[in-house]
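Residues per chain are reported as follows:
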Amino acid sequence: MWDDAFPSFLIGLREGLEAGLIVSILVATLVRAEARNRLPQVWTGVLAATALAMSFGAVLTFTAASLSATAQEAFGGTLSVIAVAFVTAMVFWMRRSARSLAGEIKEKVTGALAMGTGVLILTSFLAVGREGLETALFLWTTARAAGESAGPLTGAGIGLVLAAGLCWGLYRRVLKINLTRFFTCTGAVLIVIAAGVLGYGLRDLQEGGVLPGNTAYALDLSAHIDAGSWYSTLLQGVLNITPTMTWLQVIGYVGYLAVVMTLFVRGVRGAGAAAPKPAAATPAPRPARDPRRRPAWVVPVAVVAVPAVVAGLVVALARPKPASGETVAVSETECGKGFTAPKPGRQTFRMQNTGSKTAEVYLIDPSSNAVYGEVEGLAPGTTRDLVATVAGGTYAWRCVPSSGKAVTSASVTVSGGTGSTKAVVPVSENDLAAPLKVYKAYVEQGLATLVAQTRTLDADIAGNHLAKARTDWLAAHLTYSSLGAAYGTFEDFDQKINGRADGLAGGVADPDFAGFHRVEYGLWHAQTAGQLKAPVQALADAAAGLQEAFPAQDFDPGDLPLRAHEILENTLQFELTADTDEGSGTNLATADANLAGTRELLTVLRPLLTTRAPRLLPAVDADIARLQKLLDAEHRGASWTPVEQLDTVTRQRIAGATGQLLEDLAPVPDLLEIRKSA
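A quick note: this is a predicted structure, and the numbers were derived from the prediction, not measured.

K.L.:
Teacher, can you tell me more about the overall build of the protein here?
P.N.:
Regarding its fold elements, the protein presents 20 helices and 13 strands. Per-residue burial over the protein gives 47% buried out of 678 residues. For the protein, the share of sequence-separated contacts (at least 6 apart) that also reach a separation of at least 24 residues comes to 76%. Entry remark: accessible area of the protein is about 31,900 Å², with carbon and sulfur atoms responsible for 59%.

This is the structure:
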């Protein structure tokens, strides 16, 4: 998380220190002027600035969430560019003003004391408000670039707390910091970070259709760089440098960095050669007592409530309303009653089942039957919301009752709107019939091989050839491990063939511990052939029983797309943690077999995936090649490096590559989910 937190930590520290220094100088000036009774006015201005910044952050967050995906990209990209402009201006302003900051603020406070309460509140509000707005904007853009908020918010919080501590120390004269040098160093680092934010923002604008060149890549190192490695994560989190960048991103990044850093460095040298002399302090006049009295809580409550209320109104007005505010009826005879053409954008439809049967409801493109949104299992008399993003095009409702024929509503046409919405072409059991047939043949062939290999292993033990048995054990285990997509079909046979000691009362000594891992434990823990005879014979019998039972077992077609993701989930959970290592140290060999099984499964699903997500498979293929290369590097002859002997970097690379592959495979179950159509 630290890679995502560091940019926000730095901005929190810098902006917090700037605002804190201003507040410290305001407070010190009032104390020296013997005007302590005016301190609440300073804190009121600070409170107002904080409330404004938080309200601004809320507006950014909630208004962006209500936009379509394309509009979110354009909105985020625009604000990223604005954030870079603000940060750049802040860096140069602080470099120029660090030496004379105290004198300028003292002059403003002196004038404010003479002019009354409101002016002093306004002075502190304006002094702190700019930093607050800049911080909110930069935090929003960095959180969006990171794809999560926990890291950036944590980093900013740590930075603000540290800044508050430094300011307290400076106010108490406990600390002595060369502020000019501090703001110069942090300014240089922020310029580098801002260059990354600019590149990310330009990419967002390209994906939002605002700028051209979305597919004009200057570099694409995704096949050569491990996306899950520590260095890749660090570069992406801190500097927003990604393995794939367009020409516009590269030009914007390099151009901004070259121009701004050059001007900044030249300005630092010039400022060092001509440092201004500090101005003599002007004694502040003693304030006159304000004869007007009001409750002390009125102004603080007002300065918090006003921006909060305004932010709430902005968010409420920005969020889209449900389509015409109407409920869409669902029944066996009428589907989509009350449905009118919605406005483009993110819409919420209230689906009410007015019939007597549970139904599946789909928002579809009637020309292709592609699904934009769905509600499953809508019971009679119930109402549920369906949220979908609507763009220009034709839409209709399809209602599929639990029994009976599907009903499709009249279609409506939506005009206007920018971008397009993603729809999924539905998959039927018939679509998966051919892939299932091919994969079942693959499993049947694998089971035949497994039976022969377990019989060979049984013969090894019977002949007391334990060294040969270890080699034959691994061959048989890898054959079984490559059949991962069928595990859910194997029923009780899987526990008999590949059960684990986890959860058994006696652990590895438990009588119910059986299968490959039981034999593995014996072979690598000096058990005799006599001790292994019964477990190996039981393993061979279970393999033969599975081969006989498999043709009649119920292999649900929907299992195929589900297993595309689950095979490697188990690999990450059990193999790459060495949880299933009972002494052989061959977890990486098992991971390699799991990868082979995943590749075989994707081969039979490829025709369906190519038409529904043409960009998914190239990314998955690159992920598989990357992981295969990492696994091959740990395979030397007949031996594999045990997971527990991997160095930290290699282990992280393998886990990261597996995680990236899992992330890219995650859409497969949704893309190939069987949806009722009749």
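Here the narrative resumes, following the displayed structure.
K.L.:
Quick question: what am I supposed to make of helix H19 (residues 648–665) here?
P.N.:
Since the α-helix packs 3.6 residues into each turn, any two residues three or four apart lie on the same face. The end-to-end C-alpha distance of H19 is 26 Å, a good match for the 26 Å that 18 residues give at a rise of 1.5 Å each. Those residues of H19 that are buried lie in contact with helix H16 (559–575), helix H17 (587–612), helix H18 (616–632) and helix H20 (668–671). Two to three positions downstream of the cap, the backbone nitrogen of Val649 sits 3.2 Å from a side-chain oxygen, assigning the N-cap of H19 to Asp647.

K.L.:
Even after reading the chapter, I still don't get the pairing of strand S5 (residues 345–353), so can you show me in this structure?
P.N.:
Relative to S5, strand S3 (residues 327–330) runs parallel, the two being bridged by four bridges. Following the sheet pairing, Val328 is matched in S5 by Met351. One ladder, built from eight bridges, connects S5 with strand S8 (residues 383–390); its direction is antiparallel. Paired with Arg346 across the two strands is Thr389, which belongs to S8.

K.L.:
Please clarify how the packing of H16 against H19 should be interpreted in this entry.
P.N.:
A pair of packed helices is captured by two measures, namely the crossing angle of their axes and the spacing between those axes. It is at 9 Å that the axes of H16 and H19 come closest, and there the two elements cross at 160 degrees. One finds that H16 runs roughly antiparallel with respect to H19. In this structure, H16 crosses over H19, and the sense of that crossing is left-handed. Facing Ala564, His565, Leu568, Glu569 and Leu572 of H16, the residues of H19 in contact are Ala655, Thr658, Leu661, Leu662 and Leu665. Here the contact of H16 with H19 is built from residues that sort into seven nonpolar, two polar and one charged.

K.L.:
Help me out: how do you make sense of the pattern of salt bridges in this one?
P.N.:
Pairs can form between side chains of opposite charge once their charged atoms are near each other. The tally for this structure, following the rule as stated, stands at nine salt bridges. For the salt bridge of Asp472 with Lys468, the shortest nitrogen-to-oxygen distance reads 2.7 Å. Highlighted residues: Asp472 and Lys468, both in helix H12 (residues 466–481), separated by four residues, approximately one helical turn. Classification of Asp472 as buried rests on a relative accessible area of 15%. You can call Lys468 partly exposed: its relative accessible area is 42%.

K.L.:
Help me understand the packing of aromatic side chains in this model?
P.N.:
What characterises a pair of aromatic rings is the spacing of the ring centres plus the angle enclosed by the ring planes. With the rule as written, the count across this model stands at twelve aromatic pairs. On the basis of an interplanar angle of 40 degrees and a centroid distance of 6.3 Å, the ring pair of Tyr480 and Phe516 is categorised as tilted. You can see Tyr480 sitting in helix H12 and its partner Phe516 sitting in helix H14 (residues 516–523), a full 36 residues away along the chain. Each member of the pair, Tyr480 together with Phe516, is buried. Summarising the aromatic geometry, the rings of Phe490 and Phe550 are spaced 6.1 Å apart at their centres and angled 75 degrees between planes, so their arrangement reads as edge-to-face. In this pair, Phe490 sits in the loop between H12 and helix H13 (493–498) while Phe550 sits in the loop between helix H15 (529–549) and H16, placing the two residues 60 residues apart along the sequence. Taken together, the aromatic side chains of Tyr439, Tyr442, Trp473, Tyr480, Phe490, Phe516, Trp524, Phe550 and Phe555 make up a single cluster linked through ring pairs.

K.L.:
I tried to follow H15 on my own but got confused; where do I start?
P.N.:
Taking 1.5 Å per residue as the helical rise, H15 with its 21 residues ought to reach 30 Å, and the 30 Å between its terminal C-alpha atoms agrees with that figure. Listed as buried for H15 are Ala529, Leu532, Pro535, Val536, Leu539, Ala540, Ala542, Ala543 and Leu546. Buried residues in H15 make contact with helix H11 (429–462), H12, H13 and H14.

K.L.:
Just checking my understanding: could you explain the side chain of Thr580 for this structure?
P.N.:
Structurally, Thr580 can be placed in the loop between H16 and H17. Residues within four places of Thr580 in sequence aside, it is in contact with Arg500, His517, Glu520, Phe574, Glu575 and Asn587.

K.L.:
It is not clear to me how the sheet that holds S8 should be interpreted in this structure. Could you clarify?
P.N.:
The strands making up a sheet associate through hydrogen bonds between their backbones, and the pairing can be parallel or antiparallel. If you trace the four strands from one edge of the open sheet to the other, you get S4-S3-S5-S8, paired in mixed fashion. Of all strands in the sheet, those bounded by a partner on one side alone are strand S4 (335–337) and S8. Each strand of the sheet is rotated relative to its neighbour by a mean of 35 degrees, with strand direction disregarded. Across two bridges, the pairing between S3 and S4 is antiparallel. Residue pairing for S4: Val330 is matched across the bridge by Cys335.

K.L.:
How do you make sense of the environment of Ala452 when you look at a structure like this?
P.N.:
Residue position: Ala452 is located in helix H11. Spatially, the C-alpha atoms of Ala452 and Ala544 are 9.0 Å apart, while their sequence positions differ by 92 residues.

K.L.:
Got a minute to help me understand the pairing of strand S7 (residues 370–378) in this structure?
P.N.:
The side chains of a regular strand alternate between both faces of the sheet. The sheet contact formed by strand S6 (residues 359–365) and S7 spans six bridges and is antiparallel. Each residue of the ladder has a partner; that of Tyr362, found in S7, is Glu374.

K.L.:
Just checking my understanding: could you explain a negative patch on the surface for this structure?
P.N.:
Together, Glu429, Glu491, Asp492, Asp554 and Asp556 give the surface a local cluster of negative charge. Among the secondary structure elements, Asp492 is positioned in the loop between H12 and H13.

K.L.:
What is the right way to look at the environment of Ala448 in this model?
P.N.:
Secondary-structure assignment places Ala448 in helix H11. For the pair Ala448 and Leu546, spaced 98 residues apart in sequence, the C-alpha to C-alpha distance is 9.9 Å.

K.L.:
Is there a simple way to explain the packing of H12 against H14 in this structure?
P.N.:
For the pair H12 and H14, interaxial distance at closest approach is 11 Å and the crossing angle is 155 degrees. It follows that H12 is roughly antiparallel to H14 by the angle criterion. Of the two elements, H12 crosses H14, and the hand of that crossing is left-handed. Seen from H12, the contacting residues are Leu466, Ala469, Arg470, Trp473, Ala476, His477 and Tyr480; seen from H14, they are Phe516, His517, Val519, Glu520 and Leu523. Split by residue class, the contact of H12 with H14 holds eight nonpolar, two polar and two charged.

K.L.:
Can you help me understand the confidence of the model for the protein in this one?
P.N.:
For residues with low pLDDT, the predicted coordinates do not support detailed interpretation. In the predicted model, the protein carries a mean pLDDT of 78, and the fraction of residues at 70 or more is 69%. Across residues 274–292 the pLDDT falls below 50, and counting only partners more than four positions away or on other chains, this stretch makes 15 contacts in the model. Per-residue pLDDT stays below 50 along residues 320–325; that stretch engages in 13 contacts with residues further than four places along the chain or on separate chains.

K.L.:
Would you explain the environment of Thr340 in this entry?
P.N.:
Among the structural elements, Thr340 can be located in the loop between S4 and S5. Along the chain, Thr340 and Val412 lie 72 residues apart, while their C-alpha atoms are 6.9 Å from each other.

Thresholds applied
Residues numbered from 1 in each chain as written. Predicted model: local features only at pLDDT ≥ 70, side-chain atom pairs only at ≥ 80, totals over all residues. Heavy atoms only, no water. Helix = DSSP H or I, 4+ residues; strand = E, 2+ residues; numbered from the N terminus. Buried < 20%, exposed > 50% of the residue type's maximum accessible area, 1.4 Å probe, protein only. Contact = heavy atoms within 4.5 Å. Areas by Shrake-Rupley, 256 points an atom, 1.4 Å probe, with all protein chains shown as cover. Expected span 1.5 Å × (residues − 1). Polar contact = N/O pair within 3.5 Å; in protein donor to acceptor, adjacent residues only side chain to side chain. Pairing = 2+ DSSP bridges. Axes fitted to C-alpha atoms, helices over the stretch in contact; angles between N-to-C directions. Parallel < 35°, antiparallel > 145°, perpendicular 65-115°, else oblique. Left-handed = near helix turned anticlockwise from the far one by under 90°. Nonpolar A, V, L, I, M, F, W, Y, C, P; charged D, E, K, R; others polar. Salt bridge = Lys/Arg side-chain N within 4 Å of Asp/Glu carboxyl O. Phe/Tyr/Trp six-rings, centres within 6.5 Å; stacked < 30°, edge-to-face > 60°. Patch = residues over 30% accessible without salt bridge, like charges linked within 9 Å, V, L, I, M, F, W, Y side chains within 5 Å. Lys, Arg positive; Asp, Glu negative; His and termini not counted. Charge placed at Lys NZ, Arg CZ, Asp CG, Glu CD. pLDDT = per-residue confidence, 0-100.

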